[in-house]
Amino acid sequence: MRSLISWAGITLIALGMAGCASGPTPMAGTYHIEQDGQVIGEGAEAITLTLKEDKTYAVEAGRMTLLTGTWTQENNRLTLSNGNATVMTQYIQEGGKLVPIADGQPVKSWRWAKK
């Protein structure tokens, strides 16, 4: 439960991020969290991000849905929106991984890795 609380906090912080990217590859698919140490919390690896072909997404922990919305891809930049145009999260694609962006810089301590 503590991991979910930590993840929820990071998700809210991440919703304000902005960023840029390099070379286009389709992003639809299912991803899980990879983290260096326990930066998000124990068990975070079980949280999934599913980017659907219809441009909707869901972040889930087991059967619990933590976040839903829509996504867009521009080159290697992924933008997640939760329905409020002013609140979004951006990532850059590095291979099969989506790296969050904070203050215009990649956050290397955790990432979404394609399953």
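The structure displayed is predicted, hence computed values, not measured ones.

A separate point is the pattern of salt bridges. Applying the stated rule across the entire model yields four salt bridges. In this structure, Arg111 engages Glu34 in a salt bridge whose closest nitrogen and oxygen atoms are separated by 3.5 Å. Placement of the pair is Arg111 in strand 9 (residues 110-114) and Glu34 in strand 1 (residues 29-35), with a sequence separation of 77 residues. Assessed through its relative accessible area of 12%, Arg111 is described here as buried. The partner of Lys108 in a salt bridge is Glu94, with the nearest N and O atoms 3.0 Å apart. On the criterion of sequence distance, the pair formed by Lys108 in the loop between strand 8 (105-106) and strand 9 and Glu94 in strand 6 (residues 88-94) is long-range, its members being 14 residues apart. A single salt-bridge network, built from bridges that share partners, covers Glu34, Asp36, Lys97 and Arg111.

On to unusual backbone geometry. Within the chain, Lys55 stands out as a residue other than glycine whose phi angle is a positive 70°. The topology assignment puts Lys55 in the loop between strand 2 (47-51) and strand 3 (56-61). The backbone of Asp103 sits at a positive phi, close to 50°, despite the residue not being glycine. With respect to the helices and strands, Asp103 occurs in the loop between strand 7 (97-102) and strand 8.

Right, let's talk about the nonpolar core for a bit. Counting 20 residues, the largest nonpolar core has Leu49, Leu51, Leu98 and Trp112 as the members making the most contacts within it. For this core, the secondary structure elements donating two or more residues are strand 1, strand 2, strand 3, strand 4 (64-74), strand 5 (77-81) and strand 9. Not counting residues within four places of it along the chain, the set of residues in contact with Leu49 comprises Gly29, Thr30, Tyr31, Tyr57, Ala58, Val59, Leu80, Leu98 and Trp112.

Another point: the environment of Ala102. Note that Ala102 resides in strand 7. For Ala102 and Gln90, which are twelve residues apart along the polypeptide, the C-alpha to C-alpha distance reads 8.5 Å.

Within strand 5, four of the five residues are buried, which leaves it mostly tucked inside the rest of the structure. As defined by bridge partners, strand 4 adjoins strand 5 across five bridges and the pair is classed as antiparallel. Bridge assignment links Trp71 to a residue of strand 5, and that residue is Leu80. Counting the residues that bridge the hairpin from strand 4 to strand 5 gives two residues, and of these Asn75 lies at a positive phi of roughly 55°.

Considering every residue of the protein chain, the mean pLDDT works out to 82; 75% of them sit at 70 or more. Mean pLDDT values over the elements of the protein chain span from 47, in helix 1 (residues 2-14), up to 97, in strand 2.

A few words on the packing of aromatic side chains. Going through the model one piece at a time under the given rule, you end up with two aromatic pairs. Arranged with centres 6.3 Å apart and planes meeting at 85°, the rings of Tyr91 and Trp110 form a pair that is edge-to-face. Note that Tyr91 is positioned in strand 6 and Trp110 in strand 9, a separation of 19 residues in sequence. No difference in accessibility class separates Tyr91 from Trp110, as the two residues are buried. Summarising the aromatic geometry, the rings of Trp110 and Trp112 are spaced 6.0 Å apart at their centres and angled 80° between planes, so their arrangement reads as edge-to-face. On the accessibility criterion, Trp112 (1% relative accessible area) is buried.

Definitions and limits used
Residues numbered from 1 in each chain as written. Predicted model: local features only at pLDDT ≥ 70, side-chain atom pairs only at ≥ 80, totals over all residues. Heavy atoms only, no water. Salt bridge = Lys/Arg side-chain N within 4 Å of Asp/Glu carboxyl O. Helix = DSSP H or I, 4+ residues; strand = E, 2+ residues; numbered from the N terminus. Buried < 20%, exposed > 50% of the residue type's maximum accessible area, 1.4 Å probe, protein only. Core = buried A, V, L, I, M, F, W, Y, C linked by side-chain atoms within 4.5 Å. Contact = heavy atoms within 4.5 Å. Pairing = 2+ DSSP bridges. pLDDT = per-residue confidence, 0-100. Phe/Tyr/Trp six-rings, centres within 6.5 Å; stacked < 30°, edge-to-face > 60°.

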